[in-house]
Amino acid sequence: MDAATVCEGCAGRFAAIDGPLHDYLTVSAGCWARFGQALAMHYSDHRYWPAHQLLTDAYVLQHSRGNDRRSIQSVHVHLAALYAQLCLGHAEPRSIALRRALAEFDFKPLSKAWPIPRRSIETVELAPPEQHLPAVKDYAWSVLEDWEPFHDLAERICRV
Ligand SMILES: [Zn+2]
């Protein structure tokens, strides 16, 4: 059996590889590599693109656990963007505009305990597109459900 590590952000188990990490996202190298694989697919084949915003928002939200300004900014922006897409039905241009508008905000650290992640990107089929798209949707919903105690916050942020 291959050695595995548990990712601190999403609690998923990934192969213990030696690979790059992110500057401020709380990721294991294996988890970050899998997200990178998904992004590479999104950028190389337009059939995957409809999954791109959702996967990015859900993934970055799960992994923005640091206490520095960039992480605090990131958790708020991606929570709001995920909520806007799934609960308010915002289409891609509107959620991109929301993210841009929020980039200027100065957010405070979260006031409630960090949600326990129930699902990781490890469970998201990477290919083919007809499996990837619904898998990303399920994953994104599951992440948003974990964040239920923060939905009122998301709702407020989305009103900017
Ligand atoms: Zn992870």
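To be clear, the structure that these remarks concern was listed above.
Bear in mind that the values here come from a model prediction, so they are computed numbers and not experimental data.

1. Concerning the overall build of the protein chain
Looking only at helices and strands, the protein chain has six helices and two strands in total. In terms of C-alpha radius of gyration, the protein chain reaches 15 Å, essentially the compact-globule figure of 15 Å for 160 residues. With the C-alpha coordinates of the protein chain rotated into their principal frame, the extents come out at 50 × 35 × 25 Å. Within the protein chain, buried positions represent 48% of all 160 residues. If you take every contact in the protein chain between residues at least 6 apart in sequence, the share linking residues at least 24 apart comes to 65%. Looking at the protein chain as shown, the accessible area adds up to about 8,400 Å², and 53% of this sits on carbon and sulfur atoms.

2. Focus on unusual backbone geometry
In this structure, the amide linkage connecting Ala127 to the following residue, Pro128, adopts the cis form with an omega of -10 degrees. Residue position: Pro128 is located in the loop between α4 (92-102) and α5 (129-146). Notably, Ala11 is not glycine yet its phi reads approximately 65 degrees, a positive angle.

3. A closer look at empty space enclosed by the protein
To locate leftover empty space, one rolls a probe as large as a water molecule over the atoms. Summed over all chains, the structure comprises one cavity of 30 Å³ or more. Here the largest cavity is characterised by a volume of approximately 40 Å³. Every residue along the wall of the largest cavity is listed here: Gly9, Gln62, Trp114, Pro115, Ile116, Pro117, Val143, Asp146 and Trp147. Class assignment for the residues of the lining of the largest cavity results in six nonpolar, two polar and one charged.

4. Let's talk about the packing of helix α3 (residues 69-86) against α5
Remark: α3 packs on α5, axes separated minimally by 11 Å, with the N-to-C direction vectors making an angle of 120 degrees. When the axis of α3 is compared with that of α5, the two are oblique. For α3 against α5, the interelement crossing comes out left-handed. From α3, Leu79, Leu82, Tyr83 and Leu86 reach across to α5, where they touch Ala140, Trp141, Val143 and Leu144. Looking at the contact of α3 with α5 residue by residue, the classes come out as eight nonpolar, no polar and no charged.

5. Brief notes about the coordination of the zinc ion
Every protein donor of the zinc ion is listed here as Cys7 (SG), Cys10 (SG), Cys31 (SG) and His63 (NE2), and their distances to the metal cover 2.1 to 2.3 Å. For the zinc ion, the four donor atoms in the first shell make angles of 104 to 116 degrees at the metal, a pattern classed as tetrahedral. Owing to a relative accessible area of 1%, Cys7 belongs among the buried residues under this scheme.

6. Comments concerning α5
The end-to-end C-alpha distance of α5, which contains 18 residues, comes to 25 Å, matching closely the 26 Å that a straight helix rising 1.5 Å per residue would cover. Looking only at α5, the buried set comprises Pro129, His132, Ala135, Val136, Tyr139, Ala140, Ser142, Val143, Leu144 and Asp146.

Conventions used here
Residues numbered from 1 in each chain as written. Predicted model: local features only at pLDDT ≥ 70, side-chain atom pairs only at ≥ 80, totals over all residues. Heavy atoms only, no water. Helix = DSSP H or I, 4+ residues; strand = E, 2+ residues; numbered from the N terminus. Rg over C-alpha atoms; globule rule 2.2 N^0.38 Å. Buried < 20%, exposed > 50% of the residue type's maximum accessible area, 1.4 Å probe, protein only. Contact = heavy atoms within 4.5 Å. Areas by Shrake-Rupley, 256 points an atom, 1.4 Å probe, with all protein chains shown as cover. 1 Å grid on protein atoms, 1.4 Å probe; cavity = no way out; pocket = protein on both sides within 12 Å on 5 of 7 lines; lining within 4 Å. Points joined across faces, edges and corners; volume = space filled by probe spheres on them. Nonpolar A, V, L, I, M, F, W, Y, C, P; charged D, E, K, R; others polar. Axes fitted to C-alpha atoms, helices over the stretch in contact; angles between N-to-C directions. Parallel < 35°, antiparallel > 145°, perpendicular 65-115°, else oblique. Left-handed = near helix turned anticlockwise from the far one by under 90°. Donors = N, O, S within 2.8 Å, 3.2 Å for Na, K, Ca; no water. Tetrahedral: all angles 85-135°; square planar, octahedral: opposite > 155°, others 65-115°. Expected span 1.5 Å × (residues − 1).

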